[in-house]
Amino acid sequence: PCPISILPYSLSLPHTHAYRVLDPIDGTKSFITGKPLFGTLIACLKNGTPIIGIVDQCVLNERWLGIVGKGTTLNGKPVNSNVPTPIATRSELKESMMYATTPHMFREGEECDKFAQLCRTVKRPLYGADCYAYAILASGFGADIVVEADLGLYDYCALVPVVEGAGG
């Protein structure tokens, strides 16, 4: 169990003990503009490693829970990013659907150039799903790849156990 220790955005994570990391509104721009793909991210870290992750999408009443060593569930039912669906079995980038929050998150130069190359390679780049892109990736619903840049600790800690617990 994690003690009641919530780290605000501005702090670095100590690598001892257990901590909760909270992002109350992941997808702030989506939230303030009325786009219903924002979510709440909650993680429990032990010795600096995410061990429990929750992605809560209140608008659609969906909650993913990933626990290291136990897998990932969506509303209590196990999910798998590698379920045998036409999308989840894509083996080549040219067949893959890729999500990113925005192409503007990639820095000018090499990072932006590599992202542009990846966009030209995949079947279709899609934008604007924030944490929900990782949730649908974990569920095998239609995202094959999620590519992001400039993420803070609060942006990814909950996503790690959710995606890895689903086989991603």
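All of these numbers come straight from a predicted model, not from anything done at the bench.

Each value, and the rule that gives it
- Note that residues are indexed from 1 along each chain, following the sequence as it is written.
- Side-chain atom pairs in this predicted model are given and counted only at pLDDT of 80 or more, local residue features only at pLDDT of at least 70, and totals for whole chains, interfaces and linings cover all residues.
- Each side-chain value is worked out from all heavy atoms of the structure, with water and hydrogens disregarded.
- The predictor reports its confidence for every residue as pLDDT, a score running from 0 up to 100.
- Here, two residues are considered to be in contact whenever any of their heavy atoms come within 4.5 Å of each other.
- A strand pair is defined by DSSP finding two or more bridges across the two strands.
- Here a strand is any run of E in DSSP of at least two residues, a helix any run of H or I of at least four, and the numbering for each starts at the N terminus.
- Comment: axis = line fitted to C-alpha atoms, over the contacting stretch for helices; angle = value between 0 and 180 degrees taken between N-to-C directions.
- Each polar contact in these results corresponds to two N or O atoms within 3.5 Å; when the atoms are within protein, one needs to be able to donate a hydrogen and the other to accept it, and residues that are neighboring in sequence are counted only if both atoms are side-chain atoms.
- Working definition of a nonpolar core: buried Ala, Val, Leu, Ile, Met, Phe, Trp, Tyr and Cys residues. They are joined through side-chain atoms within 4.5 Å.
- Relative accessibility decides the category of a residue: with a 1.4 Å probe and only protein chains considered, values under 20% of the type maximum give buried, values over 50% give exposed, and everything between is partly exposed.
- The aromatic pairing rule takes the rings of Phe, Tyr and Trp, using the six-membered ring of Trp, and pairs them if the centres are within 6.5 Å, calling planes under 30 degrees apart stacked, those over 60 edge-to-face and the rest tilted.

The next subject is the confidence of the model for the chain. Residues of the chain with pLDDT of at least 70 account for 85%, and the chain-wide mean is 86. Segment residues 1-12 is flagged for pLDDT under 50; beyond a separation of four residues in sequence, or across chains, it makes 22 contacts in the model.

Within the open sheet, the three strands sit side by side as E9-E8-E10. Their pairing is parallel. The open sheet has two edge strands, strand E9 (124-127) and strand E10 (145-146), and neither has a second partner. Along the sheet face, helix H2 (residues 110-121) touches strand E8 (97-100) and E9 and points at about 145 degrees away from the line of E8.

As judged from the seven bridges shared by strand E3 (residues 39-46) and strand E4 (residues 49-57), these two strands associate in the antiparallel manner. Residue pairing for E4: Thr40 is matched across the bridge by Asp56. Hairpin connection from E3 to E4: two residues lie between these consecutive antiparallel strands, with Asn47 at a positive phi of about 50 degrees. Sheet topology note: the E4/strand E5 (residues 62-67) ladder contains six bridges and is antiparallel. For Gln57, the partnering residue across the bridge sits in E5 and is Glu62. Between E4 and E5, which pair antiparallel in sequence order, lie four residues; one of them, Asn61, sits at a positive phi of approximately 55 degrees.

Further remarks concern the side chain of Ser81. Position of Ser81 relative to the elements: it lies in the loop between strand E7 (77-78) and E8. A polar contact of 3.3 Å, which involves the side chain of Ser81, links it to the backbone nitrogen of Gly168.

A general tendency of soluble globular proteins is for nonpolar side chains to be buried together. Core analysis: the biggest nonpolar cluster contains 26 residues, and Val55, Trp64 and Tyr99 have the highest contact counts within it. Looking at this core, the elements that each hand over two or more residues are E3, helix H3 (131-139) and helix H5 (159-165). At eight residues, the largest contribution of residues to this core is made by H3. Counting residues in hydrophobic clusters, the runner-up holds 11 residues, among them Phe106, Leu118, Cys119 and Ala149.

In total, this model carries four aromatic pairs according to the counting rule given. On the basis of an interplanar angle of 15 degrees and a centroid distance of 3.9 Å, the ring pair of Phe106 and Phe115 is categorised as stacked.

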